[in-house]
Each structure stands twice: as structure tokens, then as C-alpha cells.
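Below are the chains, spelled out letter by letter.
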Amino acid sequence: MKEEKKLTLWERYLTSEIGIEFKSCLYFFAILFFYCVVRMVNGSTDASILHMTEMIFTCYGIGYFQVYVLWNFDEAEKLGIKEIAGMVICTALYCGISYWGKWFDRELLPTLLFALYLMITYICVFYIYYSKRRIDDKKLNEDLKLFQSEHRPREK
């Protein structure tokens, strides 16, 4: 029987990179949606390509920061003070960059609503990851039981 090996450094790195890619796309879509709603509420159907470029680069930058510095808080096992602190830090970064980049024309109300929206988004993403882990655990346990029942020694 083959000996099970631990994940290599490359495999761990690759797993982190795939996670960052997924997070960046997820948060970019959420931010772009909010941005477009604000633009439409203000009577514009145009979106700035410069703003969208800033958004995607910001999502990647904060994704790396979140995974490598802030303990990947949205994929944590529990939602505690540390995880909420990570959410607040990243929300502050997004809001600061949005204000600097004039995503919402440096208007205070849309920026505050953006902060609230991001906090809700982070909480939703946390529970999505939490639910996914629970479902994966159930599937693995079912697969294990099936495997065990198929590979039991037969009685003579």
C-alpha cells in the first residue's frame, strides 16, 4: 500500500493562489455590482474602466493581504473577534481606496453604504465557506462509509 504524503510546499502555495484567485473574482463582482447600482441611482449608465481596473487590482492586493497576513479570516472555523477585526481592516482598506480613487465621487453616504455592504458581504462569504466545509465533511463521511462497507472482510 502506498504511503500517504503530506502536501508539498508547492501544493500549499498553489492552493493559496487558487483561493486568492477565487476571492478576488468574488469580491470584484460584489464591488462592481455595488458600484454599478450607485452609478445608476445617480442617473448614469456609464462605468469607468479606470475604476474597474483599480477595483480588480485592489481585490487581488487585499486578497493576498487577507490570506498571507490576516489569517484568511473569511475561511475560519468560527466568526470571532479576530475574524471580525480582519473584516473591518479589509473594509477600511477598500473604503480608503474607493475614496482615493473617487469610485463614488468622494461622497460620504455611498462610501458609508459601501462599508456596510462589504461587511455584510464578508459575513455572507464566511457562512458560505462554513457551509461548504460542512457539506464536504458530510460527503467525505458518506464516501468513507461506502468504502468501508465495500471493503469489509467477508465472513466465511
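This structure is a prediction, so every number in the text was calculated from the model and none was measured. (Residues numbered from 1 in each chain as written. Predicted model: local features only at pLDDT ≥ 70, side-chain atom pairs only at ≥ 80, totals over all residues. Heavy atoms only, no water.)

Asks: What is the right way to read the overall build of the protein chain from this model?
Replies: For the protein chain, the count of helices and strands is four helices and zero strands. For the protein chain, the N- to C-terminal ordering of α and β elements is α-α-α-α. For 156 residues, the compact-globule formula gives about 15 Å, and the C-alpha radius of gyration of the protein chain, at 21 Å, lies well above that figure. With the C-alpha coordinates aligned to their principal axes, the bounding extent of the protein chain is approximately 80 × 30 × 30 Å. Every one of the 156 residues in the protein chain was classed for burial, and the buried ones make up 33%. Across the protein chain, contacts joining residues at least 24 apart in sequence account for 73% of those joining residues at least 6 apart. A total of about 11300 Å² of accessible surface is found on the protein chain, and carbon and sulfur atoms cover 67% of it. In the protein chain, 19 side chains carry a positive charge and 19 a negative one; their mean positions are 5 Å apart. (Helix = DSSP H or I, 4+ residues; strand = E, 2+ residues; numbered from the N terminus. Rg over C-alpha atoms; globule rule 2.2 N^0.38 Å. Buried < 20%, exposed > 50% of the residue type's maximum accessible area, 1.4 Å probe, protein only. Contact = heavy atoms within 4.5 Å. Areas by Shrake-Rupley, 256 points an atom, 1.4 Å probe, with all protein chains shown as cover. Lys, Arg positive; Asp, Glu negative; His and termini not counted. Charge placed at Lys NZ, Arg CZ, Asp CG, Glu CD.)

Asks: For this particular structure, what's the right way to read the environment of Ile135?
Replies: Locating Ile135 in the fold gives a position in helix 4 (residues 108–150). The spatial distance from the C-alpha of Ile135 to the C-alpha of Phe73 is 20 Å, given a sequence separation of 62 residues.

Asks: Got a minute to help me understand the packing of helix 3 (residues 81–100) against helix 4 in this structure?
Replies: Helices that pack against each other are described as a pair by the angle of their axes relative to one another and the distance between those axes. Between helix 3 and helix 4, the least distance of the axes is 9 Å, while the angle of their chain directions is 145°. Here helix 3 runs over helix 4; the crossing is right-handed. Residues Met87, Val88, Cys90, Thr91, Tyr94, Cys95, Ser98 and Tyr99 of helix 3 form the contact with helix 4, whose own contacting residues are Thr111, Phe114, Ala115, Leu118, Met119, Tyr122, Ile123 and Phe126. Of the residues assigned to the contact of helix 3 with helix 4, the class counts are 13 nonpolar, three polar and no charged. (Axes fitted to C-alpha atoms, helices over the stretch in contact; angles between N-to-C directions. Left-handed = near helix turned anticlockwise from the far one by under 90°. Nonpolar A, V, L, I, M, F, W, Y, C, P; charged D, E, K, R; others polar.)

Asks: Explain unusual backbone geometry here, please?
Replies: Glycine aside, residues mostly have negative phi, and peptide bonds are mostly found in the trans state. One non-glycine residue with positive phi stands out, namely Trp71, at about 50°. With a phi angle near 50°, Asn72 is a residue other than glycine that sits in the positive phi range. Inspection of the secondary structure puts Asn72 in the loop between helix 2 (49–68) and helix 3.

Asks: Help me out: how do you make sense of a nonpolar patch on the surface in this one?
Replies: On the surface, Trp10, Tyr13, Leu14, Ile18, Tyr64, Tyr68 and Val69 cluster together into a nonpolar patch covering about 730 Å² of accessible area. Those elements giving two or more residues to the nonpolar patch turn out to be helix 1 (9–41) and helix 2. Top element by residues in the nonpolar patch is helix 1. It accounts for four residues. Mapped onto the elements, Trp10 comes out in helix 1. (Patch = residues over 30% accessible without salt bridge, like charges linked within 9 Å, V, L, I, M, F, W, Y side chains within 5 Å. Salt bridge = Lys/Arg side-chain N within 4 Å of Asp/Glu carboxyl O.)

Asks: Looking at this structure, I do not really get helix 3. What am I missing?
Replies: Within an α-helix, residues lying three or four positions from one another point in the same direction, as the helix has 3.6 residues per turn. With 20 residues, helix 3 ought to run about 28 Å at 1.5 Å a step, and its terminal C-alpha atoms sit 28 Å apart, in line with that. Three or more residues of helix 3 are buried, namely Glu83, Gly86, Met87, Cys90, Thr91, Tyr94, Cys95 and Ser98. Angular distribution of buried residues about the axis of helix 3 spans 160°; they occupy a single face of the element. The exposed set on the far side of helix 3, more than 90 degrees from its buried face, consists of Ile81 and Trp100. Buried positions along helix 3 lie against helix 1, helix 2 and helix 4. Positive backbone phi, approximately 60°, marks Lys102, located one or two places after helix 3. (Expected span 1.5 Å × (residues − 1). Arc of directions from axis to C-beta.)

Asks: Looking at this model, I keep getting lost on helix 2. Mind explaining?
Replies: For helix 2, spanning 20 residues, the distance from its first C-alpha to its last is 29 Å, which sits close to the expected 28 Å at 1.5 Å a residue. Buried within helix 2 we find His51, Glu54, Met55, Thr58, Cys59, Ile62, Gly63, Gln66 and Val67. The elements touched by buried residues of helix 2 are helix 1, helix 3 and helix 4. The N-cap of helix 2, judged by a side-chain oxygen 3.2 Å from the amide nitrogen of Leu50 a few residues on, is Ser48. (Polar contact = N/O pair within 3.5 Å; in protein donor to acceptor, adjacent residues only side chain to side chain.)

All quantities given are derived from atomic positions and should not be read as evidence of function.
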